[in-house]
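Structural description and commentary
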Amino acid sequence: MPVKPILAGGAVVTRDDPANGIEVLIIHRMRYDDWTLPKGKLDAGESLPACAVREVQEETGVTIRLGVPLDTIRYDTAKGPKQVDYWGGTLLQSAPRQPDEEVDIVSWLPLRAALAQLTYAHDHFLVQQYLDQPPTTPFILLRHGKAMDRKDWSKKDSTRPLNARGRRQSRLLVPMLGSYGITSLISSTSARCTGTLEAYAYGRQLTIAKFSQLSEEVGGSDPRGVAKLIGRLRAEAVANGEPTAICVHRPVLPHILDALEMTPTTLVTGEFLVAHLTADGEVHALERHRPQA
C-alpha cells in the first residue's frame, strides 16, 4: 500500500538589486549543513498556499505573496516520502531574523552565486523555472460559501445569508486569500457573496466593491453585461498589479470564464480558481483550491 507523503509548501523568492541584478533568497540549515530554498511542513488544517507563505516568513523573516505555481518536488526522507508544492513569491516586506537551530543563515545572493551555493538540483531547476515565467497578477474567482437553503428562507433571495458551514468557509478563506496578497475585493450585491468575503475584508480593513451585474438575478441572463464588467475589472487588476478576488454565483460563473477565455468548469460552494494574469490580461497559469469546510 502506498505511503501517504508528508505535505509541505515553499517558494522561490527573488528581488532586483541595483548593484547585483536578480538576487535569490536562500537559507542554510545547520542540521543538514545544506543550502536550500525556504519551505516547510503543512500544519494541521492549513492550506498549502498558506503553508508556503508562513514557512518563508518563519524561516527568513521575509513576507511574500504567492505568484505562479511551480513544480511539485517529491523525494524520500528518513520519516517517509515528502511532497513539496512550490510557488514563485513576490517580496512584500522583510525583517531581520535571528539564527536558530533550524535556520542559521538567511542570504540574498546574486543569481549565479545562489545557483552555485544551492545544494540540490531540484532547487536549481525551480529557480530557473520561476525566472522563465512572466510577471503575473493573481485574479481569483470564488464561488460564495454555503448559504441557507432557499426553502428555509422566506425573504428576498438576494438577502439569503450564509449558514454555519458557509461562515466557517469564510473564516478559513482568510489565510488563503492572504497568501495571494489580495487587496481588491469584488462581489455581487447578494448577502451570501458579500458574507463570504467579510472575514477577510474585516481583517485587512478592505472595502468590498459590490456589483449587481454579478448577481444571479441580473448577471445570470446577461452574459454580455458580465463580460463587459469582467473585462474592466481584469484590465484594472493588471494595470495596477493589484491581486483581486471576485465572489460569484454558479449561474454567472460560465459567463465570467467565457469572458476570460477559460475552459468551462463548475465550482462547489467555497471553492475558487486562481488565474495568474499576464500584463496583457492572458491567463498564464491556473490553480484550483477546494473548500476547507
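These numbers were taken from a predicted model, which means no experiment stands behind them.

1. As for the pattern of salt bridges
Within this structure, the stated rule accounts for 17 salt bridges. Residue Arg97 pairs with Asp100 through a salt bridge whose shortest N-O separation is 2.6 Å. You can call Asp100 partly exposed: its relative accessible area is 33%. Between Arg232 and Glu236 there is a salt bridge, and its shortest N-O distance comes to 3.4 Å. Of the two residues, Arg232 and Glu236 are both situated in helix 7 (residues 223-240); the distance of four residues between them amounts to about one turn of the helix. Each of Asp43, Glu46, Arg54, Glu55 and Glu58 takes part in salt bridges that share partners, so that together they form one network.

2. Observations regarding the sheet that holds strand 8 (residues 137-143)
One open sheet holds the six strands; their spatial order is 10-9-11-8-12-13, and the pairing between them is mixed. Pairing within the sheet leaves two strands with one partner each, and these edge strands are strand 10 (208-211) and strand 13 (283-289). The mean angle between the axes of side-by-side strands here comes to 20°, regardless of whether they run parallel or antiparallel. Strand direction decides the pairing type here: strand 8 and strand 11 (residues 244-248), joined by five bridges, are parallel. Counted as the bridge partner of Leu142 is Cys247 from strand 11.

3. What to know about the environment of Asp71
Structurally, Asp71 can be placed in strand 5 (residues 62-77). Here Asp71 falls in the partly exposed class, since its relative accessible area comes to 32%. Considered as a pair, Asp71 and Gln98 are 27 residues apart in the sequence and their alpha carbons are 30 Å apart. In this structure Asp71 touches Val84, Tyr86, Phe125, Leu126 and Gln129, once residues within four positions along its chain are discounted. A distance of 2.8 Å separates the side chain of Asp71 from the side chain of Gln129, its partner in a polar contact.

So, how was this worked out
Residues numbered from 1 in each chain as written. Predicted model: local features only at pLDDT ≥ 70, side-chain atom pairs only at ≥ 80, totals over all residues. Heavy atoms only, no water. Salt bridge = Lys/Arg side-chain N within 4 Å of Asp/Glu carboxyl O. Buried < 20%, exposed > 50% of the residue type's maximum accessible area, 1.4 Å probe, protein only. Helix = DSSP H or I, 4+ residues; strand = E, 2+ residues; numbered from the N terminus. Pairing = 2+ DSSP bridges. Axes fitted to C-alpha atoms, helices over the stretch in contact; angles between N-to-C directions. Contact = heavy atoms within 4.5 Å. Polar contact = N/O pair within 3.5 Å; in protein donor to acceptor, adjacent residues only side chain to side chain.

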